[in-house]
Amino acid sequence: MSKLIRLVIVSMMVLLMNMSVHADEKEETIDIKKIPKNVIEAAKKKLKNFIIVSVEIEVKKKYTEYELEGTADGKKYEIEIKVDKKGKILKVEVDDDEEDDEEDDEEDEEYEEEGYAEKEENEEDEESEDDNEEEDEEEEE
């Protein structure tokens, strides 16, 4: 019984430590007007005509990450910008959401094709099993 109690106590301690490590990392949506000027400039430097639609911010121990969603030249984009505590831009990543959508569509098509192919193989296997059973029955007669 005491081993069980120790296990429960240790598990609870690990859980609490894990929660405290991530407690200061919160992702939230913020008003576009609250985006620092250097973050906007970094985004515009990557995509000249970028129009910000929404912003999420995640504050971590060593940096803050801004996730800007918007459009440029009729395409949807997501720009992730990491900024250190002093305001220095550490990293800027641009993701074309439409490319991802096209890739997802292609993956769906491949999956469907594989699924149909698998279904056809199963049907062929069932037919060959039926043929084998018929042959066995004929041999018994």
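Check the entry above for the structure.
This write-up is about the structure you can find in this document. Being a predicted model, the structure only gives us computed values, none of them experimental.

The next point concerns empty space enclosed by the protein. Applying the stated criterion across every chain yields a total of 1 cavity of 30 Å³ or more. Considered as a void within the structure, the largest cavity measures approximately 30 Å³ in volume. The wall of the largest cavity is formed by Glu 27, Glu 56, Ile 57, Glu 58, Glu 65 and Glu 67. At the level of elements, β2 (51-59) and β3 (63-72) are the ones that each hand at least two residues to the lining of the largest cavity.

Here helix α2 (residues 37-46) has its buried residues at Val 39, Ala 42 and Ala 43. For α2, the buried positions fall inside an angular range of 95° around the axis, keeping them on one side. Exposed residues lying more than 90 degrees from the buried face of α2 are Lys 37 and Lys 45. Residues of α2 that are buried make contact with β3, β4 (75-84) and β5 (89-96).

The next point concerns the pattern of salt bridges. Summed over all chains, the structure comprises 2 salt bridges. Of the charged contacts in the structure, one is a salt bridge between Lys 60 and Glu 58, with a shortest N-O distance of 3.8 Å. Classification of Glu 58 as buried rests on a relative accessible area of 16%. We note a salt bridge from Lys 91 to Glu 93, for which the minimum N-O separation is 2.9 Å.

For Asp 96, the position within the fold is in strand β5. Buried charge Asp 96 goes without a salt bridge, the closest partner of opposite sign being Lys 75 at 4.1 Å. Not counting the four nearest positions on each side in its chain, Asp 96 is found in contact with Lys 75, Lys 76 and Tyr 77.

This part is about the environment of Glu 56. With respect to the secondary-structure elements, Glu 56 resides in strand β2. Accessibility expressed as a relative area gives 26% for Glu 56, which makes it partly exposed. Along the sequence, Glu 56 and Ile 35 sit 21 residues apart, while their C-alpha atoms lie 9.8 Å from each other. When sequence neighbours within four positions are dropped, the list of residues in contact with Glu 56 reads Glu 27, Glu 28, Thr 29, Glu 65, Tyr 66 and Glu 67.

Read across the sheet, 5 strands follow the order β1-β2-β3-β4-β5 without closing on themselves; strand pairing throughout is antiparallel. In the strand order of this sheet, the two ends are held by β1 (26-30) and β5, each with one partner. If you compare each strand with its neighbour and ignore which way they point, the axes differ by 20° on average. Two elements, β1 and β2, share 5 bridges in a ladder whose sense is antiparallel. Considered in β2, the bridge of Glu 28 is made with Ile 57.

Moving on, we get to the side chain of Glu 65. In this fold, Glu 65 is placed in strand β3. Within the buried core, Glu 65 has no salt-bridge partner, and the shortest N-O distance to an opposite charge, that of Lys 82, equals 4.0 Å. With sequence-adjacent residues up to four places away left out, Glu 65 is seen in contact with Glu 56, Ile 57, Glu 58, Glu 80, Ile 81 and Lys 82.

Parameters at a glance
Residues numbered from 1 in each chain as written. Predicted model: local features only at pLDDT ≥ 70, side-chain atom pairs only at ≥ 80, totals over all residues. Heavy atoms only, no water. 1 Å grid on protein atoms, 1.4 Å probe; cavity = no way out; pocket = protein on both sides within 12 Å on 5 of 7 lines; lining within 4 Å. Points joined across faces, edges and corners; volume = space filled by probe spheres on them. Helix = DSSP H or I, 4+ residues; strand = E, 2+ residues; numbered from the N terminus. Buried < 20%, exposed > 50% of the residue type's maximum accessible area, 1.4 Å probe, protein only. Arc of directions from axis to C-beta. Contact = heavy atoms within 4.5 Å. Salt bridge = Lys/Arg side-chain N within 4 Å of Asp/Glu carboxyl O. Lys, Arg positive; Asp, Glu negative; His and termini not counted. Pairing = 2+ DSSP bridges. Axes fitted to C-alpha atoms, helices over the stretch in contact; angles between N-to-C directions.

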